[in-house]
Amino acid sequence: MPLDVAAIRHEFPIFERKIHGKRLVFLDSAASSQKPRAVIGAMMHAYMHNYANVHRGLYTLAEEATAAYEDARGKIARFINAPDPAEIVNVRNATEGLNLVVYSWGETHIHAGDRIIITEMEHHANLVPWQQLALRKGAELAYIPVNDGGELELDALPPLLADGRAKVVACSVMSNVLGVLPPVKQVAEMAHAAGALVVMDGAQAVPHQPVDVQALGADFMAFSGHKMCGPGVGILWGRRELLEAMPPFLYGGDMIRTVKRDHAKWNDVPYKFEAGTPAIAEVIGLGAAVDFLNAIGMEAIHAHEQEVVAYALARLAELPRVHVLGAGEGAHSNPQERSGAVAFWMDGIHPHDIAAILDTEAVCVRAGHHCAQPLHDRFGIPASARASFYIYNDKDDVDVLVEALHKVVKILGR
Amino acid sequence: MSSDLYREQLLDHYHNPENFGVLDNAQVDIEMDNPTCGDMIHLTARLDGAGRIAEVMFEGQGCVISMASASMFTEHVKGKTLEEIAAMGLDDIQEMMGGVKLSMGRVKCALLPLSAMKEGLKESGGVV
């Protein structure tokens, strides 16, 4: 069923705002999404009626807060089809989740001479932690290339797995720049056959499409609440036996079972990885965001965004000077899906100027390297402009974007 | 960001920059970039006998703000002493650019030529 975008927009108070007297066209949800009343309300309710620290108090309020916090963990687990809520670790953001894997699992299991495989389309969050781990350990960091069509060159993976040195493959489920959905399920099958673990960056995919961590064959997946209508909180999911065998990442309160003067024992998962007071209201807010997205339907959201992105690609192709990143010839007979985001550059016009002029039309896009410098290097450009789409965007927004890009050419395109 | 950022004065400098090129026998010869946005400038300058900036040229690529700033900068700093260059900051650059008020995100673009000049003078042994 098509999305009722007008009704959805109505759920987001920010769309009551005008920017420079014009309707807000928000095309930067890949950076962070807007928040619906349901999420803002759930957090306000938590603070006004059920707030206390979790897992500690023996009074009614603390028990209610703990129940709400743990109830949200269950919702988040079901949202990605995690078999066990204890596999859901609440962290600050996807970046922290990925760092947890690197510092805990990586420090223990990566040794000199091992190979860490990532892709050219990784966000810095799933790149720099691995790069630095490789440097610390004397391990090799290998990249699966991206072709001119913006697609992952899957053929490059088997040779990297063949000698048995690969211990982990870290791969984005959806590129934050290209909007491409690489074949992560096949990546996982190949990696597992070679004895390597698979760490998936779900920051872009989880907000935009149904994600089933078991069906995809992930060992770990990190994602961010703030990109899926929720507040600033992140989630790391990991297979229970992996999490249980890993040392803690942060030490302190709540993550311990017993503490003696000279040693300590750790709490069970996930609490072993949730040192200190967590972001209680934020986790509850993310639970509300999950309810909100489920009510719309993740299949419907995915279908809607593919339609909007396909329309955006067609409209951008009409414009002079505009080039879409990864729109060249792909090497695959089955094109990899695109959704959510389109990055582009314009001949002779800097992306900062594109974004600044679009802002005068109340169109919000990101300009820069979008935390993916190696990917921009691969395409030979320092930066791009990116329009990203979510449940509150439609083809009208694309039309406004295209009109505003004509204005960019008019002002700067001498 | 206000729409008057792309006022005619800045666009003229962007499309038809002053002193675009490279000076021979320059005491200051430096390349600098803003890696996060891809602005790049190659700045060359000669000093006169009294230690003042005599001539400045630049080449590079970047956004309207960085390139217009560089173009205006090459005229603006002629005759200035090294101490005067050292004392320059964002306010001076904004004033030089016709009183434009830059948002946080664009400050680094506008400051690129000044930063390059300060660094270039330092490298050349000038006291800045």
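If you're wondering where the values come from, they're calculated on a predicted model, not measured in any experiment.

On to the pairing of strand 5 (residues 115-119) of chain A. Residues and elements named next belong to chain A. For strand 5, the tally of buried residues reaches five of five residues, placing the bulk of the element in the interior. Of the two faces of strand 5, both are covered, the one formed by Arg115, Ile117 and Thr119 as well as the one formed by Ile116 and Ile118. Where strand 5 lies against strand 6 (residues 140-144), five bridges are found, and the strand directions are parallel. Among the inter-strand pairings, Arg115 is bridged to a residue of strand 6, identified as Glu140. In this view, the connection linking strand 5 to its parallel neighbour strand 6 by way of helix 5 (residues 128-137) has right-handed handedness. Here strand 5 pairs with strand 7 (residues 166-172) via three bridges, running parallel. By the bridge assignment for strand 7, Ile116 is matched with Val168.

Moving on: the domain arrangement of chain A. Residue and element names in this part refer to chain A. Splitting chain A by domain gives domain 1 (5-33 + 297-412) and domain 2 (42-293). Taking only C-alpha atoms, the centre of domain 1 and the centre of domain 2 are 27 Å apart. Secondary-structure elements contributing two or more residues to the side of domain 1 that touches domain 2 are helix 12 (298-318), strand 14 (341-346) and helix 14 (373-378). If you tally residues by element for the side of domain 1 that touches domain 2, the top one is helix 12, at six residues. When the residues that make up the side of domain 1 that touches domain 2 are grouped by side-chain class, the tally is 14 nonpolar, twelve polar and seven charged.

Residue and element names in this part refer to chain A. Val169, Val198 and Ile284 are the most contacted members of the largest nonpolar core, which has 173 residues in total. Of the residues forming this core, the biggest block, ten residues, is contributed by helix 11 (residues 280-296). Of the residues that make up this core, three or more belong to each of domain 1 (5-33 + 297-412) and domain 2 (42-293). Setting aside anything within four residues of it in sequence, one finds Val198 in contact with Val169, Cys171, Val187, Ala188, Ala191, Gly217, Ala218 and Asp219.

Turning next to the pairing of strand 1 (residues 28-34) of chain B. Residues and elements named next belong to chain B. Judged from the seven bridges that link them, strand 1 and strand 2 (residues 39-47) form a sheet pairing that is antiparallel. Bridge pairing in strand 2 links Asp29 to Thr44. In this antiparallel pair of consecutive strands, strand 1 and strand 2, the connection spans four residues, and Gly38 shows a positive phi of 85°.

What follows is about the environment of A:Met121. Residues and elements named next belong to chain A. With respect to the helices, strands and loops of the structure, Met121 is situated in the loop between strand 5 and helix 5. The class for Met121 is buried, based on 29 C-beta atoms found within 10 Å. Met121 has contacts with Val146, Leu152, Ser172, Ser175, Val177, Leu178, Val180, Ala372 and Leu375, leaving out every residue within four places of it along the chain.

Residues and elements named next belong to chain A. Spatial strand order, 4-10-9-8-7-5-6: seven strands in an open sheet with mixed pairing. Two strands bound the open sheet, and with one partner strand each, they are strand 4 (88-91) and strand 6. Looking at each pair of strands side by side, their axes are set apart by 20° on average, direction ignored. This element, helix 4 (residues 94-109), spans strand 4, strand 7, strand 8 (197-201), strand 9 (220-224) and strand 10 (234-238) of the sheet and lies at about 35° to strand 10.

Cut-offs applied
Residues numbered from 1 in each chain as written. Chains lettered and ligands numbered in written order. Predicted model: local features only at pLDDT ≥ 70, side-chain atom pairs only at ≥ 80, totals over all residues. Buried ≥ 20, exposed ≤ 12 C-beta atoms within 10 Å, placed from the backbone. Helix = DSSP H or I, 4+ residues; strand = E, 2+ residues; numbered from the N terminus. Pairing = 2+ DSSP bridges. Right-handed = clockwise from strand over helix to strand, strands pointing away. Domains from an automatic or database assignment. Nonpolar A, V, L, I, M, F, W, Y, C, P; charged D, E, K, R; others polar. Core = buried A, V, L, I, M, F, W, Y, C linked by C-beta atoms within 7 Å. Contact = placed C-beta atoms within 7 Å. Axes fitted to C-alpha atoms, helices over the stretch in contact; angles between N-to-C directions.

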